[in-house]
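Architecture and fold: a report
Chain by chain, the residues:
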Amino acid sequence: MTTTILEPHTEPHIADLEKQMTAKPPIQAVSIILSKGSLDMVYPALILANGARMSGIDATIFFTFWGLDAITEKKLDNLHVATVGNPAFPIPTMLGGLPGMESLASAFMKRGIEKLDIPPIREMLEILKDSGAKFYACRMAMEMFNLKQTDLIPQVDGVLSVIDFFDNAAGSQLLFI
Amino acid sequence: MPLRTYAGQSLSVNEEGFLSDSAQWTPAVAEEIAKESGLIPLKEKHWQVITFCREDAAREGQPPGVRRIAKLSGVGMKELYELFPKGPGKLAARIAGLPKPTGCI
């Protein structure tokens, strides 16, 4: 019979630390479905994707319905804040519908964003692309809005059907915005 | 606070392995933290980023985010991600002996 003598761990604190760190498996990849085109929806999607890339997590954004506005060449520089149907907005919904209100609110939000040194949408998209994030447009929404891939920014990696999107998203965490 | 041995010194780190006291950082410590993430050897461009992060943090009181690093360090965004494939946001700060960045961009 052989006896194995276990050497006492010289640095138990490292073992503890590793145990703690491996308790929750880290997120490897996120796939964000962006279905809205207002600034208060587009920024969170882009910032979440960027935060993921900063932490070494793969990030994909699937732009569908009005989310396509964020990658449509003619629209992305003029996205607005939703002033109607946004219960957290500090102005009553009835007033939010008045002419000019959306532009005013968007101007306020843009000013706040600049103050925080958050880049404009176009620069955010470039940062994300350079970070290795992937952008896909939804085929059905493209057809619905009569868009061609040439209407989109060149950084878009492709146009996918929902089935292809899910195949592509295998193993990743899904987030719908 | 857990302790880890880097470059022959026992240093206090937080739960995520960031040095508790950035003043205890030395280039040799950086090499060893980098080794844990498979970044060996650290190349000149890595050092350019690490040095920028330490200088910027000393000036600003907080570690820079990736956008700031890419804008001001002389190493662009694409290259930054090539240099730190496991995520430049956290990794550059950890190797530079700084706390985890709080910014999201």
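What you see is a predicted model, and the numbers here were worked out from it, not measured in a lab.

**Section: the overall build of chain B**
What chain B contains, in helices and strands, is five helices and two strands. Listing each helix as α and each strand as β along chain B from the N terminus yields β-β-α-α-α-α-α. Rg of the C-alpha trace for chain B: 13 Å, near the compact-globule value of 13 Å for 105 residues, within the 12% margin. Principal-axis analysis of the C-alpha atoms places the extent of chain B at approximately 35 × 30 × 20 Å. Within chain B, the fraction of its 105 residues that count as buried is 37%. Excluding contacts between residues fewer than 6 apart, the proportion of contacts in chain B whose partners are at least 24 apart in sequence is 48%.

**A look at the interface of chain A and chain B**
Between chain A and chain B, the contact holds 17 residues from the first and 16 residues from the second. Elements supplying a minimum of two residues to the side of chain A that touches chain B: α1 (12–22), α2 (39–54) and α5 (121–130) of chain A. Take the side of chain A that touches chain B: its biggest share by element is five residues, from α1 of chain A. Split into classes, the residues belonging to the side of chain A that touches chain B amount to seven nonpolar, eight polar and two charged.

**Quick notes on the sheet that holds strand β2 (residues 58–63) of chain A**
Residues and elements named next belong to chain A. An order of β4-β3-β2-β1-β5 is seen for the five strands of this open sheet, with the pairing classed as parallel. A single partner strand is all that each edge strand has here, and the edge strands are β4 (158–160) and β5 (173–176). Here the average twist between neighbouring strands, direction ignored, is 25 degrees. Here strand β3 (residues 134–138) runs beside β4; their pairing, made up of three bridges, is parallel. Within β4, the residue paired with Ala 137 across the bridge is Val 159. Helix-sheet contacts for α2 involve β1 (29–34), β2 and β5, and the interaxial angle to β1 is about 170 degrees.

**As for the nonpolar core**
In this structure, Phe 63 of chain A together with Ala 92 of chain B are the most contacted members of the largest nonpolar core, which totals 59 residues. The biggest single contributor to this core is α2 of chain A, with seven residues.

**Concerning the pairing of β2 of chain A**
Residue and element names in this part refer to chain A. β2 sits mainly inside the fold: five of its six residues count as buried. Note that β1 and β2 share six bridges and pair parallel. Of the residues in β2, the one forming a bridge with Ile 32 is Ile 61. In this region the chain leaves β1, passes through α2 and returns to the parallel neighbour β2; the handedness of that crossover is right-handed. Across four bridges, β2 lies against β3 in parallel orientation. Residue pairing across strands places Thr 60 opposite Lys 134, the latter belonging to β3.

**Structural notes on helix α2 (residues 44–60) of chain B**
All names here are of chain B. Taking 1.5 Å as the rise per residue, α2 with 17 residues should run 24 Å; its terminal C-alpha atoms sit 24 Å apart, in good agreement. Turning to α2, its buried residues number three or more, namely His 46, Val 49, Ile 50 and Cys 53. Looking straight down α2, one finds its buried side chains confined to an arc of 95 degrees; they lie on one side. In α2, the exposed positions angled more than 90 degrees off the buried face are occupied by Glu 44, Ala 58 and Arg 59. On its buried side, α2 packs onto α1 (27–36), α3 (66–72), α4 (77–83) and α5 (88–95). Gly 61 sits one or two positions beyond α2 and adopts a positive phi of about 80 degrees.

Parameters and conventions
- Each chain carries its own residue numbering, running from 1 in the written order of its sequence.
- As a convention, the first chain written is A and the first ligand written is 1, with the rest following in written order.
- Per-residue local features of the predicted model are confined to residues with pLDDT of at least 70, and side-chain atom pairs are confined, for both listing and counting, to 80 or more; whole-chain, interface and lining totals are unaffected and use all residues.
- Numbering goes from the N terminus for both helices and strands, where a helix is a DSSP run of H or I of at least four residues and a strand is a run of E of at least two.
- We take the radius of gyration over the C-alpha atoms and set the globule estimate at 2.2 Å times the residue count to the 0.38 power.
- With C-beta atoms placed from the backbone, the exposure class of a residue follows from how many other C-beta atoms lie within 10 Å of its own: 20 or more, buried; 12 or fewer, exposed; in between, partly exposed.
- Contact criterion: two residues are in contact if their C-beta atoms, reconstructed from the backbone, are within 7 Å.
- Gly falls in the polar group here, along with every residue not listed as nonpolar (Ala, Val, Leu, Ile, Met, Phe, Trp, Tyr, Cys, Pro) or charged (Asp, Glu, Lys, Arg).
- Any two strands are treated as partners once DSSP identifies two or more bridges connecting them.
- Every angle, taken between N-to-C directions, lies between 0 and 180 degrees, and every axis is a line fitted to C-alpha atoms, over only the stretch in contact when it is a helix.
- To form a nonpolar core, buried Ala, Val, Leu, Ile, Met, Phe, Trp, Tyr and Cys residues must be joined through C-beta atoms within 7 Å.
- Whether a crossover is right-handed comes down to one check: with the strands pointing away from the viewer, does the path from the first strand over the helix to the second run clockwise; if it does, it is right-handed.
- Multiplying one less than the number of residues by 1.5 Å gives the expected span of a helix.
- Comment: arc refers to directions from the helix axis out to C-beta atoms.

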